[in-house]
Amino acid sequence: MDTVATTDFHHLYEPGFDAARPPLLLLHGTGGDERDLLGLGQTVAPGASLLSPRGQVLEGAMPRFFRRLAEGVFDEDDLRRRTHDLADFVEQARERYGIAAPVAIGFSNGANIAASLLLLRPEVLAGAALLRAMSPFAEPPQVLKKPPQADLVGKRVLMLSGAIDPIIPEENAKRLARTLSAAGASVDHRVLPAGHGLSQADIGLLTGWLLDA
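Residues numbered from 1 in each chain as written. Predicted model: local features only at pLDDT ≥ 70, side-chain atom pairs only at ≥ 80, totals over all residues. Heavy atoms only, no water.

A. Structural context of helix α6 (residues 200–211). Look at α6: 17 Å from first C-alpha to last across twelve residues, which is about the 16 Å you get at 1.5 Å a residue. When α6 is considered as a whole, its buried residues turn out to be Asp202, Leu206, Trp209 and Leu210. Looking straight down α6, one finds that the buried residues subtend no more than 95 degrees of arc, so they occupy a single side. Away from the buried face of α6 by more than 90 degrees, exposed residues Gln200 and Leu211 are located. (Helix = DSSP H or I, 4+ residues; strand = E, 2+ residues; numbered from the N terminus. Expected span 1.5 Å × (residues − 1). Buried < 20%, exposed > 50% of the residue type's maximum accessible area, 1.4 Å probe, protein only. Arc of directions from axis to C-beta.)

Okay, here's the thing in structure tokens:
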């Protein structure tokens, strides 16, 4: 397992042994790091290659992938810049490690930047599982014309939301699902009887979804 910095992203890379499985891009939540989702990746996709970067932004001592102005209010200029930085990192890591376009698994803040990757740099990902995601932009980029509408045709997206999530309003998650669907993604959005944390039901649904990838 490599622990290195590429384009300033500290990250871990764990090579896989099952060529039939797509590589996974693991994107942690606020306060996590590059080790945070390794166990989840190994559980839901045994044998897959795992690429796990650490967010470059610090909120206090807690790593994040982009800045926020308040709970649920994002610094969208910073989000756009950090999304392109992360996309460039993934492209360089693919060349370095010789892997295909990954499927992102993001939790919370990591899910939000994965959604932003889909909207701003869709060519970087083969698909994405968004765990407790919310809409990364107040208006989707296709409305703002920055950039033109993303083309997500052929990309599969799993969204797992919590019915009693105190952080993400249900309508906000539904809006993200509609935005991704309108861009052509095949979206499977499930609302589970859970809060913001992950449950065993999340793991079971994610494992099954990845088997079909």
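B. Structural context of the packing of helix α2 (residues 76–97) against helix α3 (residues 109–120). Packing of α2 against α3 leaves a shortest axis separation of 9 Å and a crossing angle of 80 degrees. Judged by the inter-axis angle, α2 sits roughly perpendicular to α3. Facing α2, whose interface residues are Leu79, Arg80, Arg82, Thr83, His84, Leu86 and Ala87, α3 presents Ile113, Ser116, Leu117 and Leu120. Residue composition of the contact of α2 with α3, grouped by class: six nonpolar, three polar and two charged. (Axes fitted to C-alpha atoms, helices over the stretch in contact; angles between N-to-C directions. Parallel < 35°, antiparallel > 145°, perpendicular 65-115°, else oblique. Contact = heavy atoms within 4.5 Å. Nonpolar A, V, L, I, M, F, W, Y, C, P; charged D, E, K, R; others polar.)

C. Representation of the pairing of strand β4 (residues 50–53) within the structure. Both faces of β4 are covered, namely the face carrying Leu50 and Ser52 and the face carrying Leu51 and Pro53. Pairing analysis gives four bridges linking strand β2 (residues 9–14) to β4, with the strands arranged antiparallel. When the sheet's bridge partners are listed, Leu12 is paired in β4 with Ser52. In this sheet, β4 lies alongside strand β3 (residues 24–27) in parallel orientation, the contact comprising two bridges. Bridge pairing links Leu25 to Leu51 in β4. Considered for its hand, the β-α-β crossover made up of β3, helix α1 (residues 38–44) and β4 is right-handed. (Pairing = 2+ DSSP bridges. Right-handed = clockwise from strand over helix to strand, strands pointing away.)

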